[in-house]
Amino acid sequence: VQLQASGGGLVQAGGSLRLSCAVSGSTFSINAFGWYRQAPGKQRELVARISSAGIINHSDSVKGRFTISRDNTRNTVYLQMNSLKPEDTGVYYCAAGRTWLSFNYWGQGTQVTVSS
């Protein structure tokens, strides 16, 4: 399974970005996807995840501002990010796994920088 994240960039506070994660390879065992982020000097943290049944979970820090979605016809997972804040700055990674409790495939990360 290969994951290719894209869509990061530099944006002002209050702006929006949409991240994409293109999924390829042998995906028959993949049922769940997630987005994580890692800010400088901090541990990687879960941002949002989505199950095969479409059940969604967002972290409290992004709830109401970020939305995860998946397009099975395009084999792509998205993270729509609105009302961005400087504290959203970091490298964003997409992840995949059999369940959303166990992600064992990771993309290379895409940088998101929010200026104040």
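Predicted, not measured: the structure shown is a model, and the values here were computed from it. (Residues numbered from 1 in each chain as written. Predicted model: local features only at pLDDT ≥ 70, side-chain atom pairs only at ≥ 80, totals over all residues. Heavy atoms only, no water.)

Chemist: Just checking my understanding: could you explain unusual backbone geometry for this structure?
Modeler: For Asn75, which is not glycine, the phi dihedral falls at a positive 50°. Examined against the element boundaries, Asn75 turns out to sit in the loop between strand S7 (66–71) and strand S8 (76–81). Phi at Ser83 is positive, roughly 50°, even though this residue is not glycine. In this structure, Ser83 sits in the loop between S8 and strand S9 (90–99). (Helix = DSSP H or I, 4+ residues; strand = E, 2+ residues; numbered from the N terminus.)

Chemist: How do you make sense of the sheet that holds S8 when you look at a structure like this?
Modeler: Reading across the sheet, the 4 strands line up as S1-S3-S8-S7 and stay open at both edges, with antiparallel pairing between neighbours. Every other strand in the sheet has two partners, leaving strand S1 (2–6) and S7 as the edge strands with one partner each. Across this sheet, the average inter-strand angle for adjacent strands is 15°, counted without regard to direction. Note that strand S3 (residues 17–24) and S8 share 6 bridges and pair antiparallel. Paired with Ala22 across the bridge in S8 is Thr76. (Pairing = 2+ DSSP bridges. Axes fitted to C-alpha atoms, helices over the stretch in contact; angles between N-to-C directions.)

Chemist: Explain the pattern of salt bridges here, please?
Modeler: Here the idea is simple: oppositely charged side chains can pair when their charged atoms come close. If you walk through the whole model with that rule in mind, you get 5 salt bridges. Among the salt bridges present, the one from Asp88 reaches Arg37, with a minimum N-O distance of 2.9 Å. Within this pair, whereas Asp88 is found in the loop between S8 and S9, its partner Arg37 is found in strand S4 (residues 32–38), the two being separated by 51 residues in sequence. Exposure remark for Asp88: the relative accessible area of 0% places this residue in the buried category. On the basis of relative accessibility, which here comes to 5%, the residue Arg37 falls in the buried class. Bridged by salt links that share partners, the residues Arg37, Glu45, Arg65 and Asp88 form one connected network. (Salt bridge = Lys/Arg side-chain N within 4 Å of Asp/Glu carboxyl O. Buried < 20%, exposed > 50% of the residue type's maximum accessible area, 1.4 Å probe, protein only.)

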